[in-house]
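Listed here are the chains, written in short residue letters.
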Amino acid sequence: MHRRNRQKSFLQRKRMKRTTITIIGLVIGASFFGLLFLQGRIIRSMVRMRKEQFDETVLRALDQTSRDMERNETFRYLEEVARHSGYRADSLAASVGSLLPGSPVSVADRPSFNAPFSLPQNDAAKPHVPKSSLTLKSNASIDVANQHFHDFVKNAYLYQKGVLDEVIYTVLYNASDKDFRERVDFRLLDSNLRNELESAGISLPYHFSVYDVEGHEVYRCADYSDEGADYCYTQTLFRNDPSQKMGQLRVHFPTMDTYILGVANKMIPVLVFTVLLFLTFSFTVWLIVRQKRETEMKNDFINNMTHEFKTPISSISLAAQMLGDKSIKKSDAMLDNLSGVIVSETRRLRYQVEKVLQMSLYERGNIRFNEKEIDANVVIDDVVRTFQLKVKQSGGTLTAALDAEDGAIYVDEMHFTNVIFNLMDNAVKYRRNDVPLELRVATRNQGDRLVITVEDNGIGMRSEDLKHIFERFYRVHTGNKHDVKGFGLGLAYVRSTVELMHGTIKAESQLRQGTRFIITLPLID
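Here's what I pulled together on the structure shown here. Fair warning: this is a prediction, and the values are worked out from it, not measured in the lab. (Residues numbered from 1 in each chain as written. Predicted model: local features only at pLDDT ≥ 70, side-chain atom pairs only at ≥ 80, totals over all residues. Heavy atoms only, no water.)

Notes on the packing of aromatic side chains
Okay, so step 1: All told, the structure shown has 15 aromatic pairs when counted by the stated rule.
Okay, so step 2: Geometrically, the ring pair formed by Phe 208 and Tyr 219 is tilted, given 5.9 Å between the ring centres and 40° between the ring planes. Here the residue Phe 208 occupies a position in strand S1 (residues 207-212), and Tyr 219 occupies one in strand S2 (residues 217-220), the gap between them amounting to 11 residues.
Okay, so step 3: The exposure class of Tyr 219 is partly exposed, given its relative accessible area of 27%.
Okay, so step 4: Summarising the aromatic geometry, the rings of Tyr 233 and Phe 253 are spaced 6.0 Å apart at their centres and angled 75° between planes, so their arrangement reads as edge-to-face. Residue Tyr 233 is located in strand S3 (residues 233-237), and its partner Phe 253 is located in the loop between strand S4 (247-252) and helix H6 (256-261); the two are separated by 20 residues in the primary sequence. Neither Tyr 233 nor Phe 253 differs from the other in exposure class; each is buried.
Okay, so step 5: Each member of the aromatic cluster is reached from another via a ring pair, and the members are Phe 54, Phe 186, Tyr 206, Phe 208, Tyr 219, Tyr 231, Tyr 233, Phe 253 and Tyr 259.
Okay, so step 6: Taking the ring centre of Tyr 259 as reference, the NZ or CZ of Arg 50 above it sits at 4.3 Å.
Okay, so step 7: Against the face of Tyr 211 rests Arg 250, its NZ or CZ located 4.0 Å from the ring centre. (Phe/Tyr/Trp six-rings, centres within 6.5 Å; stacked < 30°, edge-to-face > 60°. Helix = DSSP H or I, 4+ residues; strand = E, 2+ residues; numbered from the N terminus. Buried < 20%, exposed > 50% of the residue type's maximum accessible area, 1.4 Å probe, protein only. Lys NZ or Arg CZ within 6 Å of the ring centre and 35° of its normal.)

If you want it as structure tokens, here you go:
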């Protein structure tokens, strides 16, 4: 009862350690994923802000380009009118520019007319202008002269302003009558658009096209391509004109996505370091879990070794006590029996110790092979004959199908024999109690290799156990049953030996269906 309670307490502590490691791993893992999630949100916010800023800048540049087109058109028609009327074009354009909204100019800076300019207009609307210049008498007062001069400037300014207002009206009226294609200077449009974008800090390559009010394409740039045209910016041209006289400018940037996502490049090092930390953490947790599992397996190994050594030591001790007890009469049969027990149990102890020592030599790389050419069929047949008795004692059958035509391999005979013996011994250990054991050993040729299979109908194993059966100290969990003895070193020894023979070994198993071990070794050329 006391032993059972200790075992139960050990299992509870074991579960608590696993739970603690699991909780710590989940908390740190959740923290890393939360950090990655926040970084992702920050990157999305940065990209969105960059996109909004880009959109606003482009739309502002397009709006200014549209205004430049309207102003350029006005100046162009003013120059034409001035040329036909004899008015100096630069003065007229400057006058119009000074009168346009957003261009405040003082009265003193207003341009003067150097030539007469006439347009059809109502005489009633024309302001009165003196026909002769004002003559000041030498004896007139300064105040009267100044007053007349101010009246003259005021009347001249009102007259020129009225003339310019009517000129602008006439220009706009005549411009609206023209075809949309004639009103747009596409080279000037491209130049203005490029200047506005560069002034706003955007030097990306762009493509643009112009459409009339009916949606027909009027013009496209020389290097136009549809790359990136899924998202374009539009701007109405001549928006102050009647709707049928308007047009539309469409601009798209082929490398816009790269430009906008470029802001995320600053976060790439942070993401890389976060991922590296997460991978390092995952690897550390994996090492901890693996080390914990190996520690548990070593503890099981010590427990199993104690259990394995306890029985033969007890048997030897009991036999020695009987031999040393003078009160017991010893017959020859009893002496033979006691000596046989001592010899067999001593051999058993030596065999177990040798298995541990062999694995220790394998770990240190000090194992030595005495390789020579052997016939695998002959060696396996000898092992089968020797093992027949043990299989029959367990109530099973052992069959051999040594069909390999070529069985010549270059290996250490003793270790090769131990490999076959260990696999067959496992079949006996893990047999089922409800059905007789059926053990089968077979050989066959596959190209330039020899294939050896050891198959049984035992208890089998689960897929998760199948992944670890070749690991040191690993034993398939059998609950509280202790009828299966061993250290968990047999299959680790088998795999290490086969690999040193330049071969491979794999296992196939299904729970309660049996297990099959397949060994592949190179044949002698």
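Now that the structure has been shown, we can carry on.
As for helix H10 (residues 413-429)
Okay, so step 1: Over its 17 residues, H10 extends 24 Å from the first C-alpha to the last, a length consistent with the 24 Å expected when each residue adds 1.5 Å.
Okay, so step 2: Within the span of H10, buried status applies to His 415, Phe 416, Val 419, Ile 420, Asn 422, Leu 423, Met 424, Asp 425, Asn 426, Ala 427 and Val 428. (Expected span 1.5 Å × (residues − 1).)

Overview of helix H9 (residues 376-393)
Okay, so step 1: The first and last C-alpha atoms of H9 sit 26 Å apart over 18 residues, in line with the 26 Å expected at 1.5 Å per residue.
Okay, so step 2: Considering bend angle alone, the principal kink of H9 is centred on Phe 387 and spans about 40°.
Okay, so step 3: Inspection of H9 places Ala 376, Asn 377, Val 379, Ile 380, Val 383, Val 384, Phe 387 and Val 391 among the buried residues, and these make up the whole buried set.
Okay, so step 4: For H9, the secondary structure elements touched by its buried residues are strand S5 (371-375), strand S6 (397-402), strand S7 (408-412), H10, strand S8 (438-446) and strand S9 (449-456).
Okay, so step 5: Between a side-chain oxygen at the N-terminus of H9 and the backbone nitrogen of Asn 377 the separation is 3.1 Å; the capping residue is Asp 375.
Okay, so step 6: One or two residues past the end of H9 sits Gly 395, with phi positive at roughly 80°. (Bend = angle between axes of the 7 residues up to and from the residue. Contact = heavy atoms within 4.5 Å. Polar contact = N/O pair within 3.5 Å; in protein donor to acceptor, adjacent residues only side chain to side chain.)

Points about the environment of Leu 500
Okay, so step 1: Relative to the helices and strands, Leu 500 is located in helix H12 (residues 490-500).
Okay, so step 2: Sequence-wise, Leu 500 and Val 411 are 89 residues apart; in three dimensions their C-alpha atoms are separated by 9.0 Å.

Quick word on the sheet that holds S1
Okay, so step 1: Judged by pairing direction, the sheet is antiparallel, and its four strands sit side by side in the order S2-S1-S4-S3 without closing on themselves. Of all the strands in the sheet, the pair left with one neighbour each is S2 and S3. Averaged over all pairs of adjacent strands, the angle between their axes in this sheet comes to 20°, without regard to strand direction.
Okay, so step 2: As paired elements, S1 and S4 share six bridges and run antiparallel to each other. Bridge pairing in S4 links His 207 to His 252.
Okay, so step 3: Along the sheet face, helix H5 (residues 186-199) touches S1, S2 and S4 and points at about 130° away from the line of S1. (Pairing = 2+ DSSP bridges. Axes fitted to C-alpha atoms, helices over the stretch in contact; angles between N-to-C directions.)

Notes on the sheet that holds S8
Okay, so step 1: One open sheet holds the five strands; their spatial order is S6-S8-S9-S11-S10, and the pairing between them is mixed. Looking along the sheet, the strands with just one partner apiece sit at the ends: S6 and strand S10 (504-510). Each strand axis lies, on average, 15° off the axis of its neighbour in the sheet, ignoring direction.
Okay, so step 2: Relative to S8, S6 is paired through six bridges, and the arrangement is parallel. Among the inter-strand pairings, Thr 397 is bridged to a residue of S8, identified as Glu 438.
Okay, so step 3: The strands that H9 touches are S6, S8 and S9; relative to S6, the one it contacts most, it runs at about 170°.
Okay, so step 4: Across the sheet, H10 is in contact with S6, S8, S9 and strand S11 (514-522); its angle to S9 comes to roughly 25°.

Things to note about the nonpolar core
Okay, so step 1: Ranked by size, the top nonpolar core spans 39 residues in total, and within it Ile 409, Phe 416 and Met 424 carry the most contacts.
Okay, so step 2: If you list the elements that add at least two residues to this core, you get H9, S7, H10, S8, S9, H12, S10 and S11.
Okay, so step 3: Excluding anything up to four places from it in sequence, Ile 409 contacts Lys 372, Glu 373, Ile 374, Ala 376, Phe 416, Leu 450, Leu 521, Pro 522, Leu 523 and Ile 524.
Okay, so step 4: Counting 32 residues, the second-largest nonpolar core is a separate cluster that includes Ile 43, Phe 253, Val 263 and Met 267. (Core = buried A, V, L, I, M, F, W, Y, C linked by side-chain atoms within 4.5 Å.)

Re the pairing of S8
Okay, so step 1: With seven bridges connecting them, S8 and S9 associate as antiparallel partners. Bridged to Gln 446 within S9 is Arg 449.
Okay, so step 2: Here S8 folds back onto S9 in antiparallel fashion, the turn holding two residues, of which Gly 447 has a positive phi close to 65°.

Overview of the packing of H10 against H12
Okay, so step 1: One way to put it is that H10 packs onto H12 with a least axis distance of 10 Å and a crossing angle of 145°. For the pair H10 and H12, the sense of crossing is left-handed. Contacts from His 415, Asn 418, Val 419, Asn 422, Leu 423 and Asn 426 of H10 reach H12 at Gly 490, Leu 491, Tyr 493, Val 494, Thr 497 and Val 498.
Okay, so step 2: Residues of the contact of H10 with H12, tallied by class, amount to six nonpolar, six polar and no charged. (Left-handed = near helix turned anticlockwise from the far one by under 90°. Nonpolar A, V, L, I, M, F, W, Y, C, P; charged D, E, K, R; others polar.)

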